Amino acid sequence: MKPVIALAVLAALGAVGGTIWIGSLVREDTVVAQPYEEGLEYDRERRGREALGWSVEVAPAAAGAGALAFAIRDGAGRPLDGAEVALTVGRPDSGRGQWTAAARPRERGGYAADLAFPAPGPWEIRFDVRRGADRVRLTRTVDVPAAAAACDLAAGPCTVEVGGAAVTLELSPRPPRALTELGVAAEVRAGGAPVDGAELSVRFGMKGMEMFPAEARLAPVGPGRYQGKAVLVRCPSGRTDWTATVSVARPGAPGATAELGFKAAE
Ligand SMILES: [Cu+2]
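Computed from a predicted structure; not experimentally measured.

### Focus: the overall build of the chain
- Within the chain, the regular secondary structure consists of 2 helices and 16 strands.
- Considering the chain as a whole, with its 266 residues, one finds that 35% of them fall into the buried category.
- In the structure as shown, the chain presents an accessible area of about 14700 Å², 54% of it carried by carbon and sulfur atoms.

Following this line, the structure appears as structure tokens:
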């Protein structure tokens, strides 16, 4: 924005209310304070997108889930590796960035970002993709389904989709108890057939809280079957709501994770 225009805008807004202006400036600088530059930027990104032909494909998302997976392809449909991707997520109707996340690369043009959608419904994700001098902004709206089918590991075995495989996880005892050995058993199937040679681990934690690390590394015990152990600590703040993050790496496939929840016994 030209300094003169910026000053005029500042003065006008200052008359309305300085406090509001400062608040907006801190939180949404690019959106509220620089519409002109946003416009230029948008135009540049649009032309860049058309010229390069990059596209993004987003894996189905779930409310409260840990990682959002997506893949970026170049104009010829090949996986685009080595890009830096920044995500901005908000409700489509508000048109404003609500929060941002950086993506980490996986294999073959795949990327993942730790994004927890706080509620079901439509969310607009803006992907600012940068590789070398090339920059492209892509936008996708995802429809996050209500977590109606959330399975409770304290009640019984749960099956989740992890990177294209169906993983059935079972804990014992049920409900799990703090400071007691926790048995973790998993069965991995892809296309109905047991999957051998996978690397599995289950990490236990609590949302929004740094807990003493508890992780079970699972070893193969039969066709598609894996087993391991972990010990849950007692939560210093008295919480019993745990998450179990299942990580699976099948032979020749990129690793993937899924999250399940349960309540431990008091
Ligand atoms: Cu805790």
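### Points about the coordination of the copper ion
- The protein atoms that coordinate the copper ion are M206 (SD), M209 (SD), M211 (SD) and C235 (SG), at distances of 2.3 to 2.4 Å.
- For the copper ion, the 4 donor atoms are set out with angles of 102 to 128° between them, so the coordination reads as tetrahedral.
- Read in sequence order, the donor residues for the copper ion give the motif M-x2-M-x1-M-x23-C. This pair shows no difference in class: M206 is buried, exactly as M211 is.

### Examining the packing of aromatic side chains
- Scanning the entire structure with this criterion turns up 3 aromatic pairs.
- Centroid distance F70 to Y111: 5.7 Å. Interplanar angle 15°. Geometry classified as stacked. Placement of F70 in strand β2 (residues 67-73) and of Y111 in strand β5 (residues 110-114) is noted, with a sequence separation of 41 residues between them.
- Taking 6.1 Å as the distance between ring centres and 80° as the angle between the ring planes, the aromatic pair formed by F204 and F262 counts as edge-to-face. Residue F204 is located in strand β12 (residues 199-206), and its partner F262 is located in strand β16 (residues 256-263); the two are separated by 58 residues in the primary sequence.

### A word on the side chain of R137
- Secondary-structure assignment places R137 in strand β7 (residues 134-144).
- For R137, a relative accessible area of 8% puts it in the buried group.
- There is a polar contact of 2.7 Å between the side chain of R137 and the side chain of D128.

### Regarding the state of the cysteines
- This structure, assessed with the given rule, holds 1 disulfide.
- Two residues share a disulfide in this structure: C151 and C158, whose sulfurs sit 2.0 Å from each other. Judged by the sign of its S-S torsion, about -85°, the cystine formed by C151 and C158 is left-handed.
- Take C158: its relative accessible area is 0%, and that puts it in the buried class.

### Brief notes about the pairing of strand β3 (residues 84-90)
- The element β3 is extensively covered by neighbouring structure, given that 5 of its 7 residues are classed as buried.
- By the bridge criterion, 7 bridges tie β3 to strand β6 (residues 121-131) in an arrangement that is antiparallel. Considered in β6, the bridge of E84 is made with R130.
- With 4 bridges joining them, β3 and strand β4 (residues 99-105) adopt antiparallel strand pairing. Within β4, the position partnered with L87 by the bridge is A101.

Cut-offs and rules
Residues numbered from 1 in each chain as written. Predicted model: local features only at pLDDT ≥ 70, side-chain atom pairs only at ≥ 80, totals over all residues. Heavy atoms only, no water. Helix = DSSP H or I, 4+ residues; strand = E, 2+ residues; numbered from the N terminus. Buried < 20%, exposed > 50% of the residue type's maximum accessible area, 1.4 Å probe, protein only. Areas by Shrake-Rupley, 256 points an atom, 1.4 Å probe, with all protein chains shown as cover. Donors = N, O, S within 2.8 Å, 3.2 Å for Na, K, Ca; no water. Tetrahedral: all angles 85-135°; square planar, octahedral: opposite > 155°, others 65-115°. Phe/Tyr/Trp six-rings, centres within 6.5 Å; stacked < 30°, edge-to-face > 60°. Polar contact = N/O pair within 3.5 Å; in protein donor to acceptor, adjacent residues only side chain to side chain. Disulfide = S-S within 2.5 Å. Pairing = 2+ DSSP bridges.

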